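For reference, the chains in residue letters:
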Amino acid sequence: MVAKLSIWSQYFYEMGPEDAVKEFIKCGISCAELSDEHGHELFERSDDPIATGKAFAEFLKENNFEMLQGHLWLSIKICSDETAVSKLFKWIDMYEAIGIKNMVLHCDSMINSGLSVEEVADKNIERLKIVAEHIKDKDITICLENLGPKGPVRNADNILYLIDKIGSDKFGVCLDTGHLNITDKNQTEFILKAGKKLRGLHIADNQGETDQHWMPFAHGTVDFKAVVKALREIDYNGYFNYEIPGESAHQSLEIRRAKIEYLKRCYDYLMAE
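The model shown is predicted, which means the values in this text are computed figures rather than measured ones. Along every chain, residues carry numbers that run from 1 in the direction the sequence is written. Side-chain atom pairs in this predicted model are given and counted only at pLDDT of 80 or more, local residue features only at pLDDT of at least 70, and totals for whole chains, interfaces and linings cover all residues. Side-chain numbers come from the whole structure's heavy atoms, not from hydrogens or water.

> Outline the layout of surface pockets, supporting the account with residue identities and numerical values.
Note on definitions: the grid is 1 Å and covers protein atoms alone; a cavity is a set of points where a 1.4 Å probe fits but cannot get out; a pocket is an open set with protein on both sides within 12 Å along at least five of seven lines; lining residues have an atom within 4 Å of a point. Grid points are joined across faces, edges and corners, and a volume is the space filled by probe spheres set on the points. Counted as a void, the largest pocket has a volume near 320 Å³. Taken together, 20 residues line the largest pocket, and the ones lying closest to its centre are Leu 74, His 106, His 179, His 213 and Glu 243. Residue classes follow a fixed rule: Ala, Val, Leu, Ile, Met, Phe, Trp, Tyr, Cys and Pro count as nonpolar, while Asp, Glu, Lys and Arg count as charged, and any other residue, Gly among them, counts as polar. Grouping the amino acids of the lining of the largest pocket by side-chain chemistry returns five nonpolar, eight polar and seven charged. If you add up the space inside the second largest pocket, you get close to 160 Å³.

Here is the structure:
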């Protein structure tokens, strides 16, 4: 298994994407997931998202920094907003220009639509088939992330069902360990079922009731040893990516730097098991 240590870029929330990368490098981190927030910042720089992506890719190359995972527009409503899919295409094209291979996407849960979970799933399949046509010749994977208990993607079975119905090999799975800990909870089962379709991770902990986004081995209940054991079984080779805003919000830069040292120690401990 090859699972590189990564931290989502908004960990340095007060910085632009370039400065965040430079700060990661100072802290000994060489990989990151491009966050939705930094994605927005890049997207708004010009009317040519591909040119923006290429310029950022050149910056990453110059600094020997890797971003193979990125979170697409987090709150996009691909079913509820008729313009959403065309907007998503521009994000995908910019991320492709950056060199991002695994692009994390939230399905549209349509919580207040009055539709059943099955009907919401069908709506998402319909829209994602359009996305599949746009990306059919691209060397990328759209990773559908497991979300909360009320939507169509609470577990691996749900996501694999959507992927099967979309009918494209350009779709995969992103496991958010925190989300799963407040829904189905069984991390091992999720990972083994996802298998080779698992292309991205959001590593976070909580106490099983709300999405607290904590780092491992603090006060949460996720069994990270079991997570890594299952990742080894499927020979996972994506990022071991921390997404932990509960540890960064309202924290000084000095404290966040110190926490990175802890995160590195956690990673080394888990990978040595």
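> For the environment of Gln 207, give the residues involved together with the corresponding values.
Counting from the N terminus, the helices are the DSSP runs of H or I reaching at least four residues and the strands are the DSSP runs of E reaching at least two. Structurally, Gln 207 can be placed in the loop between β7 (198-202) and α9 (224-233). Measuring from C-alpha to C-alpha, the distance between Gln 207 and Glu 58 comes to 41 Å, with 149 residues separating the pair along the chain. Every residue pair with non-hydrogen atoms within 4.5 Å of one another is taken to be in contact. If we skip the residues at most four places from it in the chain, Gln 207 touches Asn 181, Gln 212, Trp 214, His 219, Gly 220 and Thr 221. Distance and chemistry together define a polar contact, namely a pair of N or O atoms within 3.5 Å, with one atom able to donate a hydrogen and the other to accept it when in protein, and with adjacent residues in sequence counting only for side-chain atoms on both sides. Among the polar contacts listed, one links the side chain of Gln 207 to the backbone oxygen of His 219, at a separation of 3.4 Å.

> For the packing of helix α4 (residues 84-98) against helix α5 (residues 117-135), give the residues involved together with the corresponding values.
When two helices pack together, their arrangement is given by the angle between the helix axes and the distance between those axes. All axes are obtained by fitting lines to C-alpha atoms, using only the stretch in contact for helices, and the reported angles, taken between N-to-C directions, cover 0 to 180 degrees. At a closest axis distance of 11 Å, the pairing of α4 and α5 adopts a crossing angle of 35°. When the axes of α4 and α5 are compared, the crossing they make is right-handed. Where α4 approaches α5, its residues Val 85, Leu 88, Phe 89, Ile 92 and Asp 93 are matched on the opposing element by Arg 127, Ile 130, Val 131, His 134 and Ile 135. Two helices crossing with the near one rotated counterclockwise from the far one by less than a right angle form a left-handed crossing, whereas a clockwise rotation gives a right-handed crossing.

> Tell me about the sheet that holds strand β3 (residues 66-71), and please be specific about residues and values.
Any two strands are treated as partners once DSSP identifies two or more bridges connecting them. As summarised here, the arrangement of the eight strands in space is β7-β6-β5-β4-β3-β2-β1-β8, forming an open sheet in which the pairing is parallel. Of all the strands in the sheet, the pair left with one neighbour each is β7 and β8 (239-242). Pairwise comparison of adjacent strand axes, ignoring direction, gives a mean angle of 30° for this sheet. Where strand β1 (residues 4-8) meets β8, four bridges bridge the pair, whose relative direction is parallel.

> Provide a residue-level description of helix α6 (residues 156-166), including the pertinent values.
Looking at α6, one finds that the buried residues are Ala 156, Ile 159, Leu 162, Ile 163 and Ile 166. Down the axis of α6, the buried side of the element spans an arc of 130°, and every buried residue falls inside it. In this structure, the buried residues of α6 make contact with α5, β5 (141-145), β6 (171-176) and α8 (187-194). Of the residues flanking the start of α6, the one acting as N-cap is Asn 155, its side-chain oxygen 3.2 Å from the backbone nitrogen of Asp 157. Positive backbone phi, at 75°, marks Gly 167, one or two positions downstream of α6. Only protein chains enter the area calculation, which uses a 1.4 Å probe; residues under 20% of their type maximum are buried, those over 50% are exposed, and those in between are partly exposed. Directions from the helix axis toward the C-beta atoms define the arc.

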